[in-house]
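So you can see what is in the structure, the chains are spelled out below.
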Amino acid sequence: MDQLWSPWRYRYVQRAHAAEGCIFCQKPEQSNDEENLLVYRGKHNYVLLNLYPYTTGHMMVVPYAHVATLEAAAAFILEEMILLAQQGQRHLRIIYGSPGFNIGMNLGESAGAGIAGHIHLHVLPRWPGDTNFMTTIAETRVLAEELPVTYKKLSAAFNTEPRP
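Everything in this summary refers to the structure shown in the same document. Please read all numbers here as calculations on a predicted model, not as lab measurements.

## What to know about the pattern of salt bridges
- Taken as a whole and judged by the stated rule, the model has two salt bridges.
- Of the charged contacts, one joins Glu-34 and Lys-152 as a salt bridge, the two residues approaching to 2.6 Å between their closest N and O atoms. You can see Glu-34 sitting in helix α3 (residues 33-36) and its partner Lys-152 sitting in helix α6 (residues 147-159), a full 118 residues away along the chain.
- Take Glu-34: its relative accessible area is 43%, and that puts it in the partly exposed class.

As C-alpha cells, this is what we get:
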C-alpha cells in the first residue's frame, strides 16, 4: 500500500489546537475582516478563506454558532450555509473559471477535521491537472495568487450580490 503524507497540514492543526478557544468563534468577533480573510458576513454564517489553501480560492462557510455536528445545527443555519456555498461556487467559477469543485465537510477529528469542534463547509475550485508531484514530493503548494488578492476579489463579489 502506498502512503501519501501531508506534513504541511500538521502545522495548521497544531496551531489551531494551540490557540485558546475556538478560532472559528474568535474570527467573526474581531473587526479586522481583511486581516482574518473573512470574506463575507451572513446572518447565521460567514465565509472565510482557508489560511492553508489546497487551491486558489479555497474558502469555508462557517456558522457563528459553535456546533460540532450537523445534527446539532439549526435548520436555518444549514440552509444559509448551503446557499452561501452555492454563491461561493458561482463566484469562484466566474472569477477563476474553475470547471470543477470539491465541496464538503470533515466532521470530527477522526474524519480529518483540523478544527473538530466547529463545523465548516469547504468550497474548493478545481482544474484539470491542479494536483501534481509538488504537493506530495516537495511539500509545496503552487497557488496562482496571494491570499490578499483572492480576498479582495471574493469579498467584492460577495458584497455586491444580494444576501441569500
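## A look at the nonpolar core
- Ranked by internal contacts, the top residues of the largest apolar core, which has 20 residues, are Val-39, Val-47, Leu-49, Met-59, Val-61 and Phe-158.
- Put simply, the parts of the chain that give this core at least two residues each are β1 (38-41), β2 (45-49), β3 (59-63), α4 (75-96), β5 (121-126) and α6.
- Considering every element that reaches this core, the biggest residue donor is α4, with five residues.
- Excluding anything up to four places from it in sequence, Phe-158 contacts Val-39, Tyr-40, Val-47, Met-59, Leu-84, Gln-87, Gly-88 and His-91.
- With eight residues, the next largest nonpolar core counts Tyr-46, Leu-48, Val-62 and Ile-115 among its residues.

## Regarding the environment of Arg-93
- The topology assignment puts Arg-93 in helix α4.
- Taking C-alpha positions, Arg-93 is 7.5 Å from Pro-125, a pair spaced 32 residues apart along the chain.
- Those residues in contact with Arg-93, other than ones at most four positions away along the chain, are Ser-98 and Phe-101.

## Brief notes about the sheet that holds β2
- Spatially, β1-β2-β3-β5-β4 is the arrangement adopted by the five strands of the open sheet, whose pairing is antiparallel. Whereas interior strands pair on both sides, the edge strands pair on one side only; in this sheet they are β1 and β4 (100-104). Strand-to-strand twist across the sheet, computed as the mean angle between neighbouring axes with direction ignored, equals 20°.
- Here β1 runs beside β2; their pairing, made up of three bridges, is antiparallel. When the bridges of β2 are listed, Arg-41 appears paired with Tyr-46.
- The strands touched by α6 within the sheet are β1, β2 and β3, with β1 carrying the most contacts at an inclination of about 15°.

Cut-offs and rules
- Residues numbered from 1 in each chain as written.
- Predicted model: local features only at pLDDT ≥ 70, side-chain atom pairs only at ≥ 80, totals over all residues.
- Heavy atoms only, no water.
- Salt bridge = Lys/Arg side-chain N within 4 Å of Asp/Glu carboxyl O.
- Helix = DSSP H or I, 4+ residues; strand = E, 2+ residues; numbered from the N terminus.
- Buried < 20%, exposed > 50% of the residue type's maximum accessible area, 1.4 Å probe, protein only.
- Core = buried A, V, L, I, M, F, W, Y, C linked by side-chain atoms within 4.5 Å.
- Contact = heavy atoms within 4.5 Å.
- Pairing = 2+ DSSP bridges.
- Axes fitted to C-alpha atoms, helices over the stretch in contact; angles between N-to-C directions.

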